[in-house]
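Spelled out from the first residue to the last, the chains are:
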Amino acid sequence: MSLKKSKYRTKYLAVAFCLGALSVVSVASWAQAVPAEKADEARVDRLLKQMTLEEKMNLIRGGLEDPSVYQGQAGYLPGVPRLHVPSLRMADGPPGLLTRVAGQAETATMGVAATFSAKDAEANGAVIGREARSLGIDVVLQPFINIDRDITFARAYNTFGEDPMLSGAMGAAEVRGAQAQGVMAMAKHYVGYDSNAYNIFIDQQTLHEVYAAPFVDAIGAGVSSVMCSYNRINGPFACGNSDTLKTILKEEMGFKGFVTSDWGGVHSVLFLNEGLDMEMPGAAEADSPFKAFINNYFVTAPPDTTPVKPLDPEALAGILGGPIPEEPQANGLDLGGFPRDNDKTTMREALKNGTVTEATITAAARRVLYEIDRFGYLDGKQKHTVTAQNVEENAAVIRKTAEDAAVLLKNEHALPLGNDDLQSLALIGPGAGQVAAIGTFGERSPGLTERQISPMVALKKGFPEANIMYAVDDDMTGVPVPASTLSHDGKPGLLRTESRGSKVVDAQLDFTHSNGRTLPANETVTWKGTLTVPSAGSTGCTCRYWVRVEG
């Protein structure tokens with residue numbers, strides 16, 4: 001069945017056209033700047049003929065970047081330095097961008113969808129692209145265009161909702177906005193990654209009309225890459241499914257870019273034969289928590305016999321974001337997307353036994369090189385330096401998106417606040433006095449803490465004559481544990497031991513940016529001592545103490 005010619009595709013286009021007539025409009029100035037879907041194919045083929053097998057492999061598997069320039073991004077593709085084929089940096093999101101340099105906190109994807117404005121979505125895509133250029137990133141791992149079909153799905157807020165038409169229109173707009181800034185976009189996760197389950201069965205009509213439909217729009221917008229998902233789809237894993245990758249994505253949809261695995265989504269070297277083009281993350285540092293449960297298949301080197309450390313759930317939770325302290329604790333990490341693989345055959349053995357050929361490797365490398373040329377990276381148009389961000393320009397887009405996304409369900413003469421209301425207004429709860437809607441990091445940008453402003457401060461700034469009262473109620477900030485309660489070996493304070501072995505006594509644990517006492521980055525510190533509470537029993541002390549350590 002052809003998606004381009006089928007009745008399913010016809011119906012989808014008809015509905016999409018109606019939406020376009022209503023509100024989905026493109027920002028012409030950005031759209032005109034999107035790189036044309038055409039590369040110098042003769043140049044691409046000449047370069048491939050000059051490459052060794054190992055150099056081609058470095059275009060289809062992740063590697064490790066030089067630590068002196070590594071920006072903490074999710075992925076790195078080595079490239080082919082001998083032939084001036086540049087490396088690629090890939091950064092996580094949405095929302096925003098995640099590297100070692102804080103990026104601006106953007107409106108959640110579901111919020112962007114709530115605007116019902118592709119103009120807002122394209123403006124957000126431009127912010128993503130500008131952030132990527134500022135932070136030295138080549139590929140942004142977004143938009144997230146899965147369908148929110150399960151209200152309990154842990155990543156539902158990353159989607160554009162349950163409507164394939166809206167998801168496709170908004171995702172395509174973000175692709176245009178981002179790629180117009182000279183960075184590649186990677187639409188994810190293809191396909192059926194729409195719940196906390198990992199063994200998914202979808203009939204062909206529903207697969208085409210609902211789950212694959214947003215990817216049709218992303219491809220129409222010229223998206224450079226598509227990320228295949230962790231789950232199985234109708235039997236095979238999504239990253240090794242020839243029906244969804246080769247037949248539907250590449251043949252029916254006409255996708256010309258490269259298919260990248262989700263991080264750890266490869267479970268056999270033979271996935272390359274089924275439509276996968278690139279394995280991520282590829283190589284991992286020896287001390288990486290990912291090494292314990294992610295196998296690397298596109299390996300041509302002799303087997304590494306170095307023992308792998310057991311999985312450290314706490315270290316992994318720290319990278320993935322972990323739980324929010326105020327919320328109920330989950331029952332451990334969900335590693336359902338990383339089944340224990342029985343087949344450990346690597347590319348080295350597959351090439352020897354003929355189950356994978358160099359021609360297949362060349363075809364995959366060609367798709368990657370095609371996009372590198374298309375975006376002008378072979379001609380020096382990429383940027384790996386970290387420069388100042390377009391903070392104010394981006395902030396204007398983020399604010400407008402948040403305003404357009406706001407939906408007031410019920411208003412019994414409460415809003416807007418008039419002058420009389422502002423003369424006696426009470427704000428109750430910790431969220432009024434500080435930003436409490438950021439959550440954990442995970443794959444998103446952390447935001448610029450110096451620009452975070454509470455509702456109370458915003459109101460006072462906008463209405464300086466207002467009489468606003470504030471009650472914390474549930475104090476989420478607290479105060480440092482008093483020095484009088486801390487001791488070690490019968491002496492005041494806690495004994496701090498640093499990684500290099502030096503010891504020092506700290507009267508209190510209060511290391512913050514605001515007081516100028518942050519600890520060095522990447523330092524491992526332990527404290528030993530005793531905390532003596534002022535009184536026993538649940539009613540003996542009504543105070544709340546926090547330990548604050550910032551590095």
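Everything that follows concerns the structure shown earlier in this document.
Definitions and limits used
- Residues numbered from 1 in each chain as written.
- Predicted model: local features only at pLDDT ≥ 70, side-chain atom pairs only at ≥ 80, totals over all residues.
- Heavy atoms only, no water.
- Helix = DSSP H or I, 4+ residues; strand = E, 2+ residues; numbered from the N terminus.
- Buried < 20%, exposed > 50% of the residue type's maximum accessible area, 1.4 Å probe, protein only.
- Contact = heavy atoms within 4.5 Å.
- Areas by Shrake-Rupley, 256 points an atom, 1.4 Å probe, with all protein chains shown as cover.
- Pairing = 2+ DSSP bridges.
- Axes fitted to C-alpha atoms, helices over the stretch in contact; angles between N-to-C directions.
- Phe/Tyr/Trp six-rings, centres within 6.5 Å; stacked < 30°, edge-to-face > 60°.
- Lys NZ or Arg CZ within 6 Å of the ring centre and 35° of its normal.
- Salt bridge = Lys/Arg side-chain N within 4 Å of Asp/Glu carboxyl O.
- Polar contact = N/O pair within 3.5 Å; in protein donor to acceptor, adjacent residues only side chain to side chain.
- Patch = residues over 30% accessible without salt bridge, like charges linked within 9 Å, V, L, I, M, F, W, Y side chains within 5 Å.
- Right-handed = clockwise from strand over helix to strand, strands pointing away.

Visitor: Quick rundown of the overall build of the protein chain? Include the residues and the values.
Guide: A count of helices and strands for the protein chain gives 17 helices and 20 strands. Counting every position in the protein chain, which comprises 551 residues, the buried fraction comes to 47%. Long-range pairs, those at least 24 residues apart, make up 76% of the contacts in the protein chain with a sequence separation of at least 6. Carbon and sulfur atoms provide 55% of the accessible area of the protein chain, an area that totals close to 26800 Å².

Visitor: Would you mind going over the sheet that holds strand β2 (residues 88-91) in detail, with residue names and values included?
Guide: The six strands lie next to each other as β1-β2-β3-β4-β6-β8, forming an open sheet whose pairing is mixed. Strands with a single pairing partner mark the edges of an open sheet, and in this sheet they are β1 (75-77) and β8 (258-261). Where strand β4 (residues 184-190) meets strand β6 (residues 225-228), four bridges bridge the pair, whose relative direction is parallel. Across the sheet, M186 pairs through a bridge with S225, a residue of β6. Sitting on the sheet, helix α9 (residues 213-220) touches β4 and β6, and the angle it makes with β4 is about 165°. Packing against the sheet, helix α10 (residues 242-252) makes contact with β4, β6 and β8, and its axis sits at approximately 135° to β4.

Visitor: So, the packing of aromatic side chains: which residues are in play, and what are the values?
Guide: Applying the stated rule across the entire model yields seven aromatic pairs. Centroid distance F375 to Y377: 6.1 Å. Interplanar angle 55°. Geometry classified as tilted. Assessed through its relative accessible area of 2%, Y377 is described here as buried. Ring pairing ties together the aromatic residues F153, Y193 and Y230, which thus form one cluster. Across the ring face of F237, the terminal group of R232 is positioned such that the distance to the ring centre comes to 4.0 Å.

Visitor: Break down the sheet that holds strand β18 (residues 530-531) for me, with residues and values.
Guide: Taking strand neighbours across the sheet as the criterion, the three strands line up as β13-β12-β18 in an open arrangement whose pairing is antiparallel. The outermost strands of the open sheet, each flanked by one partner alone, are β13 (491-492) and β18. The sheet contact formed by strand β12 (residues 486-488) and β18 spans two bridges and is antiparallel. Paired with L486 across the bridge in β18 is L531.

Visitor: Can you lay out the environment of A91 for me, pointing to particular residues and giving the numbers?
Guide: Residue position: A91 is located in strand β2. Owing to a relative accessible area of 0%, A91 belongs among the buried residues under this scheme. Sequence separation between A91 and G72 is 19 residues; the distance between their C-alpha atoms is 8.5 Å. Sequence-distant contacts of A91, defined by excluding residues within four places in its chain, comprise Q73, A74, L97, L98, T99, I137, V139, V140 and L141.

Visitor: Which residues make up the pattern of salt bridges, and what values do they have?
Guide: Taken as a whole and judged by the stated rule, the model has 24 salt bridges. A salt bridge links D506 to R496; the shortest N-O distance between them is 2.8 Å. With D506 in strand β15 (residues 503-506) and R496 in strand β14 (residues 494-498), this pair connects stretches of sequence that are ten residues apart. Assigned by exposure class, D506 and R496 land together as buried. Between E523 and R500 there is a salt bridge whose closest N-O contact spans 3.5 Å.

Visitor: If you had to explain the side chain of N241 to someone new, which residues and values would you point to?
Guide: Within the secondary structure, N241 sits in the loop between β7 (232-233) and α10. Polar contacts involving the side chain of N241 include one to the main-chain amide nitrogen of T244, which spans 3.1 Å. Not counting residues up to four positions away in its chain, the partners in contact with N241 are I233, P236, K246 and E274.

Visitor: Requested: an account of the side chain of N394, with residues and values cited.
Guide: If you trace the backbone, N394 turns up in helix α14 (residues 391-405). Once residues within four sequence positions are removed from consideration, N394 is found in contact with Q104, V127, R130 and E131.

Visitor: Describe a nonpolar patch on the surface, listing the residues and the values that go with them.
Guide: On the surface, L408, L415 and L417 cluster together to form a nonpolar patch covering roughly 270 Å² of accessible area. Inspection of the secondary structure puts L415 in the loop between α14 and α15 (419-422).

Visitor: Before we move on, could you go through the pairing of β4 and cite the residues and values that matter?
Guide: The buried fraction of β4 is high, at seven of seven residues. In the sheet, strand β3 (residues 139-140) pairs with β4 via two bridges, with the strands oriented parallel. When the sheet's bridge partners are listed, V139 is paired in β4 with M184. With respect to chirality, the unit in which β3 leads through helix α7 (residues 164-179) into the neighbouring parallel β4 is right-handed.

Visitor: Describe in detail unusual backbone geometry, supporting the description with residues and values.
Guide: For the peptide bond that leads from Q142 to P143, omega is 15°, which places it in the cis range. Along the chain, P143 falls in the loop between β3 and α7. The peptide bond linking L415 to P416 adopts the cis configuration, its omega dihedral lying at -5°. Mapped onto the elements of the fold, P416 is located in the loop between α14 and α15.

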